[in-house]
Amino acid sequence: MQKIIYADLHCDSITKCCACGGDMLDFSGQVNIRKLTASGCGAQCFALFTDGENAEEDFKKFLAFYGAQIEKHPRLQPVLRRGDVERAVESGKIGAVLTVENLGFLNGGVSGIAALKAAGVKMASLVWNSANAYAYPNLKFKDGAPDIAARESRGLTAAGRAAVEELNKNGVICDISHLSDGGAEDVFALSVLPVVASHSNCAAACNVSRNLTDGQIKKIADSGGLVGLNFCRDFVVEGAFADGLYGTAHTKNVSVFESLYGHFIHLVNVGGEDIAAIGSDFDGIPPYGELSDCTKICALFEYFDRRGVRAGLLEKFAFGNFLRLFG
């Protein structure tokens, strides 16, 4: 099978690399420039993730690190305007798309969103796993432990609704991965741009709150958006979360490729061919055999090919749908 060019809607590699003092050329994580090149990556979304008391300062540090890596490594082609993705692929480079995971560092203000646009941010999520001034997460806790099947119904705060409107005004796509069900409904109602779930799967295939209901999938499709399939075993393999966060003891012999195929087929059946994309969450999830890093993505395509996914649909999943939205 010929190598397929692909794009990935989410990884935490910039954040992780900066935190450990590494360099993206040969960073020891699941994604680095050498690995992206070897794997056939045409475009990679790099999320700047922050959480906690020092989030604002951390964001500034991560943004500066991202800019320095772009300047240092010409193989990374920043995607800033229409056609940049295509130009990157044509020249043998990797399109670098800057995104933000968790706007909580803005502390409820929305004026900073214009500055994010100016910095090249193309997509942003309002919240991560803890409530902030904008929104509630889809992860609920009971007695201090994740209640992974419980779904959060609370919607956006007034600041959250204002943030969605400001994101729209600045042409920044709203990412609803990690967002509560009520918050997602508010985004669907407010957003005039396509809505994306950058690293989420299908609740019908694995019943955890991090995954999307069929109703959410349909609304993302209706908006012209994308769902990036997350490679985390806990959100892919039914029952994997039973051992706790990232636990695998009861499901370690279950093929993640097979389970991802089930999510893919369900996603396409519910949302159509134009919704499916990759959202690996690399360097935000632990490595495991089948998908230990980005160089294994080609093996996933080969598995889908053997399962009978036709070439045109596989190419849409790998790159075409991403290109429609970000190209």
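Residues numbered from 1 in each chain as written. Predicted model: local features only at pLDDT ≥ 70, side-chain atom pairs only at ≥ 80, totals over all residues. Heavy atoms only, no water.

Novice: Can you walk me through the pairing of strand 5 (residues 121-125) in this structure?
Specialist: Note on strand geometry: in a regular strand, side chains alternate between the two faces of the sheet. The element strand 5 is extensively covered by neighbouring structure, given that 4 of its 5 residues are classed as buried. Summarising the sheet, strand 4 (residues 94-101) and strand 5 pair through 4 bridges and their orientation is parallel. Across the sheet, residue glutamate 101 finds its bridge partner in strand 5, namely serine 125. Taken together, strand 4, helix 5 (residues 112-118) and strand 5 constitute a β-α-β crossover, and its handedness is right-handed. (Buried < 20%, exposed > 50% of the residue type's maximum accessible area, 1.4 Å probe, protein only. Helix = DSSP H or I, 4+ residues; strand = E, 2+ residues; numbered from the N terminus. Pairing = 2+ DSSP bridges. Right-handed = clockwise from strand over helix to strand, strands pointing away.)

Novice: Please explain the pattern of salt bridges as it appears in this structure.
Specialist: Pairing is possible between side chains of opposite charge, provided their charged atoms come close. Counted under the stated rule, the structure contains 11 salt bridges. A salt bridge links lysine 61 to aspartate 58; the shortest N-O distance between them is 3.9 Å. On the criterion of helical spacing, the pair formed by lysine 61 and aspartate 58 is a turn pair, its members being 3 residues apart in helix 3 (residues 55-72). A relative accessible area of 43% means that lysine 61 is categorised as partly exposed. The class for aspartate 58 is partly exposed, based on a relative accessible area of 21%. Close ionic contact of lysine 219 with glutamate 185 constitutes a salt bridge, the shortest N to O distance being 2.5 Å. Residue lysine 219 is found in helix 8 (residues 214-223), and its partner glutamate 185 is found in helix 7 (residues 181-190); the two are separated by 34 residues along the sequence. Exposure remark for glutamate 185: the relative accessible area of 33% places this residue in the partly exposed category. Several salt bridges converge on common partners, so that one network encompasses Glu273, Asp274, Arg310 and Lys316. (Salt bridge = Lys/Arg side-chain N within 4 Å of Asp/Glu carboxyl O.)

Novice: Where do I start with the confidence of the model for the protein chain in this structure?
Specialist: A low pLDDT means the predicted coordinates there should not be read in detail. Overall, the predicted model of the protein chain reaches an average pLDDT of 94, with 96% of residues at or above 70. Note on residues 245-249: pLDDT is under 50 here. Beyond four places in sequence and across chains, it has 10 contacts. (pLDDT = per-residue confidence, 0-100. Contact = heavy atoms within 4.5 Å.)

Novice: Sorry if this is basic, but what is going on with the environment of glycine 224 here?
Specialist: Mapping glycine 224 onto the fold places it in the loop between helix 8 and strand 9 (227-229). Distance in space between the C-alpha atoms of glycine 224 and valine 309 is 22 Å, their sequence separation being 85 residues. When near neighbours in sequence (up to four residues on either side) are disregarded, glycine 224 contacts Pro194, Arg324 and Leu325.

Novice: Could you clarify how one ought to interpret the packing of aromatic side chains in this entry?
Specialist: What characterises a pair of aromatic rings is the spacing of the ring centres plus the angle enclosed by the ring planes. With the rule as written, the count across this model stands at 14 aromatic pairs. Summarising the aromatic geometry, the rings of phenylalanine 301 and phenylalanine 317 are spaced 6.3 Å apart at their centres and angled 90° between planes, so their arrangement reads as edge-to-face. Pair noted here: phenylalanine 301 is in helix 11 (residues 297-306) and phenylalanine 317 is in helix 12 (residues 311-326), with a separation of 16 residues, a long-range link. Residue phenylalanine 301 shares its accessibility class with phenylalanine 317, and that shared class is buried. In this structure an aromatic cluster arises from ring pairing among Tyr6, Phe257, Tyr261, Phe264, Phe301, Tyr303, Phe304 and Phe317. Its end group placed over the ring of tyrosine 136, arginine 154 keeps NZ or CZ at 3.9 Å from the ring centre. For the cation-ring pair, arginine 233 lies above tyrosine 288, with the distance from its terminal atom to the ring centre recorded as 4.7 Å. (Phe/Tyr/Trp six-rings, centres within 6.5 Å; stacked < 30°, edge-to-face > 60°. Lys NZ or Arg CZ within 6 Å of the ring centre and 35° of its normal.)

Novice: Where do I start with the nonpolar core in this structure?
Specialist: For soluble globular proteins, nonpolar side chains are generally found buried alongside one another. Phe46, Leu103, Ile176, Phe231 and Phe304 are the most contacted members of the largest nonpolar core, which has 90 residues in total. The residues contacting phenylalanine 304, other than those within four sequence positions of it, are Phe257, Leu260, Tyr261, Phe264, Val309, Leu314 and Phe317. Core analysis: the next-biggest nonpolar cluster, separate from the first, contains 16 residues, Ala7, Val97, Phe322 and Phe326 among them. (Core = buried A, V, L, I, M, F, W, Y, C linked by side-chain atoms within 4.5 Å.)

Novice: What should I look at first to understand the packing of helix 8 against helix 10 (residues 256-271) in this one?
Specialist: When two helices pack together, their arrangement is given by the angle between the helix axes and by the axis-to-axis distance. In the contact formed by helix 8 and helix 10, the axes pass within 9 Å of each other and the chain directions differ by 60°. Considering the angle they form, helix 8 stands oblique to helix 10. For the pair helix 8 and helix 10, the crossing hand works out as right-handed. Touching Asp214, Ile217, Lys218 and Ala221 of helix 8 are His266, Leu267, Val270 and Gly271, all from helix 10. The residue makeup of the contact of helix 8 with helix 10, split by class, is 4 nonpolar, 2 polar and 2 charged. (Axes fitted to C-alpha atoms, helices over the stretch in contact; angles between N-to-C directions. Parallel < 35°, antiparallel > 145°, perpendicular 65-115°, else oblique. Left-handed = near helix turned anticlockwise from the far one by under 90°. Nonpolar A, V, L, I, M, F, W, Y, C, P; charged D, E, K, R; others polar.)

Novice: What should I look at first to understand helix 12 in this one?
Specialist: Since one α-helical turn is 3.6 residues long, residues separated by three or four positions face the same way. Here helix 12 is 16 residues long and its end C-alpha atoms lie 21 Å apart, about the 22 Å a rise of 1.5 Å per residue gives. Along helix 12, the sharpest change in direction is near 60° and occurs at phenylalanine 317. Looking only at helix 12, the buried set comprises Leu313, Leu314, Phe317, Ala318, Phe319, Asn321, Phe322, Leu325 and Phe326. (Expected span 1.5 Å × (residues − 1). Bend = angle between axes of the 7 residues up to and from the residue.)

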